[in-house]
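Report on the structure
One letter stands for each residue in the lines below.
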Amino acid sequence: MPRAVSQSDQPLRRLDLSYLLWCLSLVGICGAQRIYNRRPLSGVLYLLSFGLLGIGTVVDLFLIPSLVRHANAPTLLDQARAAVEPIDRQLLLLARSKGSAGFSLNDAVLALDPSVELAELRRVLDDLQQHELLLISNDEQGRVVYREP
């Protein structure tokens, strides 16, 4: 089954290459910088209209940095999401920060990424307890809390 290509698999767009492609408009090939920066419709429009009769090409000279930023934004966002620490490490850090008071399941849900499902969270908590990295006990109000050993 073919794997879907995510944004994080795509290379980042470069500012210097965008300006180099813009230079092609000086010889009549307009819109290459827009196609390169993931703006294919406006790139084809520029190609067919000679850069909106040259006006769009001159404007693009100043817009290229923002074109590159917008083209790279989805890729950078996917890379940042992929760089999130594993759930077990986040839970251990949460236990360390809470100290002897420990943390409840609700605290963990609020502290972790919203995409973490409750079933996965409980599984990781059970694994950490089995490996004796977290202790389960009750606090003064009777809540179940997780603490460092």
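First, a word on what this report is: a plain description of the structure on this page. Since the structure is predicted, the reported quantities are computational estimates derived from the model, not experimental observations. (Residues numbered from 1 in each chain as written. Predicted model: local features only at pLDDT ≥ 70, side-chain atom pairs only at ≥ 80, totals over all residues. Heavy atoms only, no water.)

Concerning the nonpolar core
Grouped together as the largest cluster of nonpolar side chains are 14 residues, with contacts concentrated most on Ile87, Leu91, Phe103, Ala108, Leu121, Leu125 and Leu134. Every element with two or more residues in this core is listed here: α6 (87-98), α7 (105-111) and α8 (118-130). (Core = buried A, V, L, I, M, F, W, Y, C linked by side-chain atoms within 4.5 Å. Buried < 20%, exposed > 50% of the residue type's maximum accessible area, 1.4 Å probe, protein only. Helix = DSSP H or I, 4+ residues; strand = E, 2+ residues; numbered from the N terminus.)

A closer look at the pairing of strand β1 (residues 135-138)
Relative to strand β2 (residues 144-147), β1 runs antiparallel, the two being bridged by four bridges. Note on β2: the bridge partner recorded for Ile136 is Tyr146. In this antiparallel pair of consecutive strands, β1 and β2, the connection spans five residues, and Gly142 shows a positive phi of 90 degrees. (Pairing = 2+ DSSP bridges.)

Side note on α6
With twelve residues, α6 extends 16 Å between its outermost C-alpha atoms, agreeing within 8% with the 16 Å of an ideal straight helix rising 1.5 Å per residue. Every buried residue belonging to α6 is among Ile87, Gln90, Leu91, Leu94 and Ala95, and all of these are buried. Within α6, the buried residues cover an arc of 140 degrees as seen down the axis, which keeps them to one side. Facing away from the buried surface of α6 by more than 90 degrees, the exposed residues are Arg96 and Ser97. (Expected span 1.5 Å × (residues − 1). Arc of directions from axis to C-beta.)

Looking at the packing of aromatic side chains
Inspection of the entire model under this criterion finds one aromatic pair. The ring of Tyr36 has Arg13 sitting right over it, with the charged end atom 4.9 Å from the ring centre. (Phe/Tyr/Trp six-rings, centres within 6.5 Å; stacked < 30°, edge-to-face > 60°. Lys NZ or Arg CZ within 6 Å of the ring centre and 35° of its normal.)

Some remarks on unusual backbone geometry
One non-glycine residue with positive phi stands out, namely Arg38, at about 60 degrees. Structurally, the position occupied by Arg38 is in the loop between α2 (32-36) and α3 (40-48). For Arg38, a relative accessible area of 25% gives the class partly exposed. A positive phi angle, near 60 degrees, is found at Leu53, a position not held by glycine. Inspection of the secondary structure assignment puts Leu53 in helix α4 (residues 50-53). We classify Leu53 as exposed; its relative accessible area is 74%.

Considerations on the side chain of Asp60
Mapping Asp60 onto the fold places it in helix α5 (residues 55-82). On the basis of relative accessible area, Asp60 is assigned to the buried category, the value being 0%. Asp60 has contacts with Trp22, Gln33, Arg34, Tyr46 and Leu67, leaving out every residue within four places of it along the chain. (Contact = heavy atoms within 4.5 Å.)

Description of the pattern of salt bridges
Enumeration over the complete set of coordinates arrives at six salt bridges. Arg123 is the partner of Asp127 in a salt bridge, and the nearest nitrogen-oxygen pair spans 2.7 Å. Remark: Arg123 and Asp127 occur in helix α8; sequence separation between them is four residues, near one turn of the helix. With relative accessibility at 28%, the residue Asp127 sits in the partly exposed group. With a relative accessible area of 41%, Arg123 lands in the partly exposed category. Via salt bridges that share partners, Glu120, Arg123 and Asp127 belong to a single interconnected network. (Salt bridge = Lys/Arg side-chain N within 4 Å of Asp/Glu carboxyl O.)

All we've got here are geometric facts, nothing functional implied.
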